[in-house]
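Close look at the chain arrangement
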Amino acid sequence: DGGITQSPKYLFRKEGQNVTLSCEQNLNHDAMYWYRQDPGQGLRLIYYSQIVNDFQKGDIAEGYSVSREKKESFPLTVTSAQKNPTAFYLCASSPTPIRVGNTEAFFGQGTRLTVV
Amino acid sequence: RKEVEQDPGPFNVPEGATVAFNCTYSNSASQSFFWYRQDCRKEPKLLMSVYSSGNEDGRFTAQLNRASQYISLLIRDSKLSDSATYLCVPERRAGSYQLTFGKGTKLSVIP
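**Description of the packing of aromatic side chains**
The geometry of an aromatic ring pair is captured by the separation of the ring centres together with the interplanar angle, meaning the angle of the planes. Applying the stated rule across the entire model yields 14 aromatic pairs over all chains. Consider the rings of phenylalanine 107 of chain A and tyrosine 36 of chain B, whose centres lie 6.0 Å apart with planes at 85°: the pair is edge-to-face. Taken together, the positions of phenylalanine 107 of chain A in strand S10 (residues 106-107) and tyrosine 36 of chain B in strand S4 (residues 33-38) put the pair across two chains. Its relative accessible area of 9% is what places phenylalanine 107 of chain A among the buried residues. Ring geometry for phenylalanine 34 of chain B against tyrosine 51 of chain B: centres 6.5 Å apart, planes inclined by 85°, an arrangement best described as edge-to-face. With phenylalanine 34 of chain B in strand S4 and tyrosine 51 of chain B in the loop between strand S5 (45-50) and strand S6 (54-57), this pair connects stretches of sequence that are 17 residues apart. Taking the relative accessible area as the measure of exposure, tyrosine 51 of chain B reaches 43% and is therefore partly exposed. The ring centre of phenylalanine 74 of chain A lies 6.0 Å from the NZ or CZ of arginine 68 of chain A, which sits over that ring. Above the face of the phenylalanine 88 of chain A ring, arginine 112 of chain A is positioned so that its terminal group lies 4.1 Å from the ring centre.

What follows is the structure, given as C-alpha coordinates:
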(Lines give C-alpha, C1' and ligand atoms only; values in the text may rest on other atoms or scores of the structure.)
Protein backbone atom coordinates (compact mmCIF):
# COMPACT_ATOMS: atom_id res chain seq x y z
CA ASP A 1 0.00 0.00 0.00
CA GLY A 2 1.30 3.43 -0.91
CA GLY A 3 1.36 6.03 1.76
CA ILE A 4 3.28 8.33 4.02
CA THR A 5 4.55 7.13 7.38
CA GLN A 6 5.64 9.13 10.36
CA SER A 7 7.36 7.70 13.37
CA PRO A 8 7.17 7.62 16.26
CA LYS A 9 3.55 8.50 16.98
CA TYR A 10 4.41 9.84 20.43
CA LEU A 11 7.77 11.22 21.48
CA PHE A 12 9.02 12.60 24.75
CA ARG A 13 12.13 14.71 24.92
CA LYS A 14 14.05 16.26 27.74
CA GLU A 15 14.61 19.96 27.57
CA GLY A 16 17.88 20.79 25.81
CA GLN A 17 17.98 17.65 23.68
CA ASN A 18 17.73 17.40 19.93
CA VAL A 19 15.24 14.92 18.53
CA THR A 20 14.58 13.70 14.98
CA LEU A 21 11.15 12.90 13.59
CA SER A 22 10.96 10.45 10.73
CA CYS A 23 8.86 10.84 7.58
CA GLU A 24 8.90 8.30 4.75
CA GLN A 25 6.73 8.11 1.64
CA ASN A 26 6.45 5.51 -1.10
CA LEU A 27 4.14 7.55 -3.32
CA ASN A 28 6.99 8.73 -5.57
CA HIS A 29 6.12 12.33 -4.70
CA ASP A 30 8.66 15.05 -5.32
CA ALA A 31 7.40 17.58 -2.78
CA MET A 32 7.45 17.01 0.97
CA TYR A 33 6.41 19.26 3.86
CA TRP A 34 6.63 19.60 7.60
CA TYR A 35 3.92 21.39 9.54
CA ARG A 36 3.48 22.14 13.19
CA GLN A 37 0.07 22.31 14.84
CA ASP A 38 -0.59 23.62 18.34
CA PRO A 39 -3.81 22.89 20.24
CA GLY A 40 -6.74 24.71 18.65
CA GLN A 41 -4.49 26.22 16.01
CA GLY A 42 -3.97 25.79 12.30
CA LEU A 43 -1.06 24.21 10.45
CA ARG A 44 2.10 26.28 10.25
CA LEU A 45 4.74 25.41 7.67
CA ILE A 46 8.21 24.66 9.05
CA TYR A 47 10.12 23.46 5.96
CA TYR A 48 9.35 22.12 2.54
CA SER A 49 11.31 20.37 -0.16
CA GLN A 50 10.48 20.13 -3.82
CA ILE A 51 13.33 17.86 -4.86
CA VAL A 52 16.14 15.78 -3.43
CA ASN A 53 18.95 17.81 -1.85
CA ASP A 54 16.87 20.97 -1.85
CA PHE A 55 14.64 22.44 0.84
CA GLN A 56 13.17 25.81 1.74
CA LYS A 57 12.27 27.48 5.03
CA GLY A 58 8.64 27.92 5.80
CA ASP A 59 7.08 30.40 8.19
CA ILE A 60 8.52 29.02 11.44
CA ALA A 61 11.85 27.37 10.57
CA GLU A 62 13.83 28.70 13.53
CA GLY A 63 14.98 25.90 15.82
CA TYR A 64 14.37 23.19 13.21
CA SER A 65 16.49 21.52 10.56
CA VAL A 66 15.76 19.07 7.76
CA SER A 67 17.52 17.00 5.14
CA ARG A 68 16.40 15.47 1.87
CA GLU A 69 19.02 12.95 0.85
CA LYS A 70 16.49 10.56 -0.65
CA LYS A 71 13.24 11.20 -2.46
CA GLU A 72 11.38 8.99 -0.01
CA SER A 73 12.63 10.54 3.21
CA PHE A 74 12.37 13.98 4.80
CA PRO A 75 13.39 13.84 8.48
CA LEU A 76 12.87 16.81 10.77
CA THR A 77 15.22 17.59 13.65
CA VAL A 78 13.87 19.65 16.50
CA THR A 79 16.90 21.27 18.05
CA SER A 80 17.44 22.63 21.53
CA ALA A 81 17.18 26.10 19.99
CA GLN A 82 13.43 25.59 19.53
CA LYS A 83 12.03 27.27 22.64
CA ASN A 84 8.56 25.76 22.63
CA PRO A 85 8.73 22.43 20.81
CA THR A 86 5.75 20.66 22.35
CA ALA A 87 3.28 20.28 19.48
CA PHE A 88 1.74 17.96 16.91
CA TYR A 89 4.03 17.57 13.87
CA LEU A 90 2.60 16.60 10.50
CA CYS A 91 4.53 15.52 7.45
CA ALA A 92 2.94 15.70 4.00
CA SER A 93 3.86 14.93 0.43
CA SER A 94 2.52 16.05 -2.90
CA PRO A 95 3.21 15.08 -6.51
CA THR A 96 4.75 17.51 -8.95
CA PRO A 97 1.95 19.24 -10.80
CA ILE A 98 1.86 19.22 -14.56
CA ARG A 99 0.94 22.83 -14.14
CA VAL A 100 0.82 24.93 -11.03
CA GLY A 101 -1.78 23.87 -8.54
CA ASN A 102 -4.28 21.05 -8.70
CA THR A 103 -2.36 18.65 -6.52
CA GLU A 104 -3.51 17.57 -3.12
CA ALA A 105 -1.27 16.91 -0.14
CA PHE A 106 -1.18 13.51 1.55
CA PHE A 107 -0.47 13.50 5.26
CA GLY A 108 1.19 11.10 7.64
CA GLN A 109 -0.53 10.32 10.92
CA GLY A 110 1.59 12.81 12.81
CA THR A 111 4.02 12.77 15.71
CA ARG A 112 3.02 14.22 19.02
CA LEU A 113 6.14 15.65 20.68
CA THR A 114 6.18 16.52 24.35
CA VAL A 115 9.09 18.16 26.12
CA VAL A 116 9.43 17.01 29.72
CA ARG B 1 -4.28 40.46 4.01
CA LYS B 2 -3.48 36.87 4.98
CA GLU B 3 -3.20 34.35 2.18
CA VAL B 4 -6.07 32.31 3.58
CA GLU B 5 -8.59 33.30 6.25
CA GLN B 6 -11.32 31.23 7.82
CA ASP B 7 -13.87 31.84 10.56
CA PRO B 8 -12.59 29.61 13.39
CA GLY B 9 -16.07 28.96 14.75
CA PRO B 10 -17.07 26.82 16.49
CA PHE B 11 -20.23 26.27 14.52
CA ASN B 12 -22.61 24.29 16.73
CA VAL B 13 -25.53 22.92 14.72
CA PRO B 14 -28.21 20.29 15.37
CA GLU B 15 -28.30 17.06 13.44
CA GLY B 16 -30.04 17.47 10.11
CA ALA B 17 -29.23 21.14 9.81
CA THR B 18 -27.56 22.82 6.85
CA VAL B 19 -24.40 24.73 7.62
CA ALA B 20 -22.03 26.77 5.49
CA PHE B 21 -18.72 28.40 6.12
CA ASN B 22 -16.40 30.51 4.03
CA CYS B 23 -12.74 30.79 3.26
CA THR B 24 -11.31 34.02 1.83
CA TYR B 25 -8.09 34.09 -0.14
CA SER B 26 -5.75 36.87 -1.19
CA ASN B 27 -4.22 35.57 -4.44
CA SER B 28 -6.62 36.56 -7.19
CA ALA B 29 -4.76 34.26 -9.60
CA SER B 30 -5.72 31.11 -7.67
CA GLN B 31 -7.66 28.75 -9.90
CA SER B 32 -8.24 25.76 -7.67
CA PHE B 33 -8.76 25.00 -4.02
CA PHE B 34 -9.04 22.11 -1.63
CA TRP B 35 -11.16 21.48 1.43
CA TYR B 36 -9.63 19.15 4.02
CA ARG B 37 -11.29 17.62 7.04
CA GLN B 38 -9.33 17.14 10.25
CA ASP B 39 -10.67 15.08 13.12
CA CYS B 40 -9.45 15.80 16.63
CA ARG B 41 -5.81 14.73 17.08
CA LYS B 42 -5.67 13.25 13.58
CA GLU B 43 -4.12 14.22 10.27
CA PRO B 44 -6.05 16.26 7.68
CA LYS B 45 -7.68 14.29 4.89
CA LEU B 46 -8.90 15.59 1.56
CA LEU B 47 -12.63 16.20 1.47
CA MET B 48 -13.13 17.96 -1.83
CA SER B 49 -11.32 19.69 -4.67
CA VAL B 50 -12.69 22.80 -6.33
CA TYR B 51 -11.37 23.49 -9.81
CA SER B 52 -13.89 25.79 -11.39
CA SER B 53 -17.04 27.42 -10.11
CA GLY B 54 -17.77 24.65 -7.68
CA ASN B 55 -18.12 20.99 -6.87
CA GLU B 56 -20.76 18.77 -5.31
CA ASP B 57 -20.31 15.42 -3.62
CA GLY B 58 -23.36 14.04 -1.90
CA ARG B 59 -24.25 16.29 1.02
CA PHE B 60 -21.24 18.52 0.46
CA THR B 61 -21.13 21.44 -1.95
CA ALA B 62 -18.19 23.75 -2.50
CA GLN B 63 -18.64 27.01 -4.38
CA LEU B 64 -16.09 29.49 -5.62
CA ASN B 65 -16.78 33.20 -5.84
CA ARG B 66 -13.88 34.70 -7.76
CA ALA B 67 -15.20 38.26 -7.70
CA SER B 68 -15.22 38.33 -3.91
CA GLN B 69 -12.32 35.88 -3.56
CA TYR B 70 -13.89 33.33 -1.30
CA ILE B 71 -14.90 29.71 -1.41
CA SER B 72 -17.66 28.22 0.64
CA LEU B 73 -18.42 24.76 1.93
CA LEU B 74 -22.06 23.81 2.41
CA ILE B 75 -23.04 20.71 4.34
CA ARG B 76 -26.63 19.55 4.10
CA ASP B 77 -28.41 17.18 6.50
CA SER B 78 -25.55 17.34 9.02
CA LYS B 79 -24.53 14.12 10.71
CA LEU B 80 -22.82 13.68 14.06
CA SER B 81 -19.87 12.24 12.13
CA ASP B 82 -19.42 15.56 10.32
CA SER B 83 -18.04 17.07 13.53
CA ALA B 84 -14.48 18.06 12.67
CA THR B 85 -12.34 21.00 11.68
CA TYR B 86 -12.50 21.99 8.02
CA LEU B 87 -9.37 23.45 6.44
CA CYS B 88 -9.19 25.46 3.26
CA VAL B 89 -6.14 25.38 0.98
CA PRO B 90 -5.65 27.38 -2.23
CA GLU B 91 -3.45 25.96 -4.94
CA ARG B 92 0.23 26.72 -4.85
CA ARG B 93 1.41 30.00 -6.30
CA ALA B 94 3.23 29.89 -9.62
CA GLY B 95 6.87 28.95 -9.12
CA SER B 96 6.35 27.84 -5.51
CA TYR B 97 5.75 24.51 -3.87
CA GLN B 98 4.60 26.13 -0.63
CA LEU B 99 1.19 24.97 0.58
CA THR B 100 -0.58 27.34 2.96
CA PHE B 101 -3.50 26.08 5.00
CA GLY B 102 -6.20 28.17 6.60
CA LYS B 103 -6.56 27.82 10.36
CA GLY B 104 -9.74 25.89 9.92
CA THR B 105 -13.36 26.13 10.95
CA LYS B 106 -14.54 23.88 13.75
CA LEU B 107 -17.93 22.24 13.32
CA SER B 108 -19.81 20.45 16.09
CA VAL B 109 -22.99 18.64 15.16
CA ILE B 110 -25.19 18.17 18.21
CA PRO B 111 -27.73 15.35 18.71
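**Some details on the nonpolar core**
Judged by nonpolar contacts, the single largest core of 22 residues is most densely connected at Phe21, Trp35, Ile71, Leu73, Ile75, Tyr86 and Leu107 of chain B. Only strand S3 (19-25), S4, S5, strand S7 (60-65), strand S8 (70-75), strand S9 (84-90) and strand S10 (105-110) of chain B provide two or more residues apiece to this core. By residue number, the principal contributor to this core is S3 of chain B, which donates four residues. One finds Ile4, Val19, Tyr47 and Phe74 of chain A within the second-largest nonpolar core, a separate group that totals 19 residues.

**What about the sheet that holds strand S3 (residues 19-25) of chain A?**
Hydrogen bonds along the backbone pair up the strands of a sheet, which may run parallel or antiparallel. Residue and element names in this part refer to chain A. Overall, antiparallel pairing links the four strands, which are arranged S1-S3-S8-S7 in an open sheet. In the strand order of this sheet, the two ends are held by strand S1 (4-7) and strand S7 (64-66), each with one partner. Strand-to-strand twist of the sheet, defined as the mean angle between neighbouring strand axes without regard to direction, takes the value 20°. By the bridge criterion, three bridges tie S3 to strand S8 (residues 76-78) in an arrangement that is antiparallel. Across the sheet, leucine 21 pairs through a bridge with leucine 76, a residue of S8.

**Details of the sheet that holds S10 of chain B**
Residues and elements named next belong to chain B. In space, the five strands of this open sheet follow the order S2-S10-S9-S4-S5, with mixed pairing throughout. A strand with exactly one partner marks an edge of an open sheet, and here the two such strands are strand S2 (11-14) and S5. Looking at each pair of strands side by side, their axes are set apart by 25° on average, direction ignored. For S4 and S5, the ladder comprises five bridges, and the chain directions are antiparallel. Residue pairing in the sheet places tyrosine 36 in a bridge with leucine 46 of S5.

**Some points on the interface of chain A and chain B**
At the interface, 27 residues of chain A touch 21 residues of chain B. Summed over both partners, the interface of chain A with chain B comes to about 2,200 Å²; 53% of that surface belongs to carbon and sulfur atoms. Linking chain A with chain B are zero salt bridges, by the criterion used here. Inspection of the region where chain A meets chain B yields three residue pairs in polar contact (both at pLDDT 80 or more). Mapped by element, the contributors of at least two residues to the side of chain A that touches chain B are strand S4 (31-37), strand S5 (43-51) and strand S9 (87-94) of chain A. Each residue belonging to the side of chain A that touches chain B can be placed in one class, and the counts come to 13 nonpolar, 11 polar and three charged.

**Quick word on unusual backbone geometry**
Among all residues save glycine, negative phi is the norm, and among peptide bonds the norm is trans. Cis rather than trans, the peptide bond between serine 7 of chain A and proline 8 of chain A has omega equal to -10°. Relative to the helices and strands, proline 8 of chain A resides in the loop between S1 and strand S2 (10-13). Going from glycine 9 of chain B to proline 10 of chain B, the amide bond is cis rather than trans, its omega being 10°. As for its position among the elements, proline 10 of chain B is in the loop between strand S1 (4-6) and S2. Even without being glycine, asparagine 53 of chain A reaches a positive phi, approximately 65°. Position of asparagine 53 of chain A relative to the elements: it lies in the loop between S5 and strand S6 (54-57). A positive phi angle is found at arginine 41 of chain B, which is not glycine, with a value near 65°. Along the chain, arginine 41 of chain B turns up in the loop between S4 and S5.

Criteria and thresholds
- Residues numbered from 1 in each chain as written.
- Chains lettered and ligands numbered in written order.
- Predicted model: local features only at pLDDT ≥ 70, side-chain atom pairs only at ≥ 80, totals over all residues.
- Heavy atoms only, no water.
- Phe/Tyr/Trp six-rings, centres within 6.5 Å; stacked < 30°, edge-to-face > 60°.
- Helix = DSSP H or I, 4+ residues; strand = E, 2+ residues; numbered from the N terminus.
- Buried < 20%, exposed > 50% of the residue type's maximum accessible area, 1.4 Å probe, protein only.
- Lys NZ or Arg CZ within 6 Å of the ring centre and 35° of its normal.
- Core = buried A, V, L, I, M, F, W, Y, C linked by side-chain atoms within 4.5 Å.
- Pairing = 2+ DSSP bridges.
- Axes fitted to C-alpha atoms, helices over the stretch in contact; angles between N-to-C directions.
- Contact = heavy atoms within 4.5 Å.
- Buried area = accessible area lost by both parts, 1.4 Å probe.
- Salt bridge = Lys/Arg side-chain N within 4 Å of Asp/Glu carboxyl O.
- Polar contact = N/O pair within 3.5 Å; in protein donor to acceptor, adjacent residues only side chain to side chain.
- Nonpolar A, V, L, I, M, F, W, Y, C, P; charged D, E, K, R; others polar.

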